[in-house]
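Commentary on secondary and tertiary structure
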Amino acid sequence: MELPLLLPSFMLILFSFSMTLPLICEPHLSLLNNLADRRALLSFEDHVSIDPSNVLGDWSTNMNFCKWTGVSCSKHMQRVTYLNLTNTGLQGKLTPHLGNLSYLQVLALRNNRFHGSIPHEIGSLYRLQVLVISLNELEGEIPASISGCKKLQRLILS
Ligand SMILES: *[C@@H]1O[C@H](CO)[C@@H](O)[C@H](O)[C@H]1NC(C)=O
Ligand SMILES: *[C@@H]1O[C@H](CO)[C@@H](O)[C@H](O)[C@H]1NC(C)=O
């Protein structure tokens, strides 16, 4: 019988809680996501067998991954938005972990020696606008999952 009286204050508490919750959680959440980005980049590096000009030489150091060669991040969230390692002679496979770079807008790996297939996880990159993987030694089919890349404007595979 006191419920109707209680309800407004309960809702107020709930409301203010839901207002502050994102503020409390966001730094931790984005830190976790940053770790996923970092792990994805390290996996990318792991899948490279030969790096003739040592472009990945500054990767995996204690330096912020946003400053690694070929990587750019969004300013506020420090998420990887751009990965460009064009003409670097990299040899290896493409890691499925690329699909975890959920803020990626540009992936440019033109003129390298990546082989194997295009991981279907690439379809998770729903912010991806540019995918340039021409002049590599990739084989197999374009994964159907690519339809998940809703923002894709340029797809260069030749
Ligand atoms: C990638 O970097 C090269 C220079 O290293 C540049 O010519 C090319 O336009 C860049 N690609 C994209 C998609 O930004
Ligand atoms: C990233 O992707 C891989 C392979 O797709 C997966 O196994 C892994 O759990 C993912 N998440 C993180 C946080 O690394």
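Everything numeric in this text was worked out from a predicted model, so none of it was measured. (Residues numbered from 1 in each chain as written. Chains lettered and ligands numbered in written order. Predicted model: local features only at pLDDT ≥ 70, side-chain atom pairs only at ≥ 80, totals over all residues. Heavy atoms only, no water.)

Turning to the overall build of the chain, a few remarks are in order. On a plain count of helices and strands, the chain comes out with one helix and nine strands. For the chain, the sequential pattern of α-helices and β-strands runs α-β-β-β-β-β-β-β-β-β. Across the 158 residues that make up the chain, the buried fraction comes to 33%. Only carbon and sulfur atoms are counted for the fraction: they give 61% of the accessible area of the chain, which is about 9600 Å². (Helix = DSSP H or I, 4+ residues; strand = E, 2+ residues; numbered from the N terminus. Buried < 20%, exposed > 50% of the residue type's maximum accessible area, 1.4 Å probe, protein only. Areas by Shrake-Rupley, 256 points an atom, 1.4 Å probe, with all protein chains shown as cover.)

With that settled, the discussion passes to the packing of aromatic side chains. Enumeration according to the criterion identifies four aromatic pairs in this entry. Ring centres 5.8 Å apart and planes at 35° place the aromatic pair F44 and W59 in the tilted group. Taken together, the residues F44 in helix α1 (residues 3–46) and W59 in the loop between β1 (48–50) and β2 (71–73) connect sequence positions 15 residues apart. For the pair F44 and W59, one class covers both residues: buried. Put simply, the rings of F44, W59, F65, W68 and F114 touch in pairs and so form one group of aromatic residues. (Phe/Tyr/Trp six-rings, centres within 6.5 Å; stacked < 30°, edge-to-face > 60°.)

Our next topic: the site of ligand 2. Surrounding ligand 2, one finds A36, R39, P96, H97, N100 and E121. Interatomic distance of 2.5 Å between a side-chain N/O atom of N100 and an oxygen atom of ligand 2. About the coverage of ligand 2: the protein hides 54% of its 360 Å² of free accessible area. Taken together, the residues of the shell around ligand 2 sort by class into two nonpolar, two polar and two charged. (Near = heavy atom within 4 Å. Polar contact = N/O pair within 3.5 Å; in protein donor to acceptor, adjacent residues only side chain to side chain. Nonpolar A, V, L, I, M, F, W, Y, C, P; charged D, E, K, R; others polar.)

So, on to the sheet that holds strand β7 (residues 130–132). Adjacent strands of a sheet pair through backbone hydrogen bonds, lying either parallel or antiparallel. Here five strands make up an open sheet; going across it, the order is β2-β3-β5-β7-β9 and the pairing mixed. Both outer strands of the open sheet, β2 and β9 (154–156), are each paired with one neighbouring strand and no more. Ignoring which end each strand starts from, the neighbouring axes of this sheet average 15° apart. Pairing of β7 with β9 involves three bridges; the strand directions are parallel. Each residue of the ladder has a partner; that of V130, found in β9, is R154. (Pairing = 2+ DSSP bridges. Axes fitted to C-alpha atoms, helices over the stretch in contact; angles between N-to-C directions.)

Right, let's get into the site of ligand 1. Surrounding ligand 1, one finds Y82, N84, T86, V106 and A108. One of the side-chain N or O atoms of Y82 is found 2.9 Å from an oxygen atom in ligand 1. N84 places a side-chain nitrogen or oxygen 2.3 Å from an oxygen atom of ligand 1. In isolation ligand 1 has 360 Å² of accessible area, and contact with the protein removes 44% of it. Within the residue set of the shell around ligand 1, elements represented by two or more residues are β3 (80–84) and β5 (106–108).

The next point concerns the side chain of R79. Inspection of the secondary structure assignment puts R79 in the loop between β2 and β3. Side chain to side chain, R79 and D37 meet in a polar contact 3.0 Å long.

Moving on: the pairing of strand β6 (residues 113–116). By the alternation rule, side chains of β6 split into F114 and G116, which are all buried, and R113 and H115, of which none is buried. In this structure, strand β4 (residues 91–93) lies alongside β6, joined through three bridges in parallel fashion. Within β6, the residue paired with G92 across the bridge is F114. The pairing of β6 with strand β8 (residues 137–138) spans two bridges and is parallel. Residue pairing for β8: G116 is matched across the bridge by L138.

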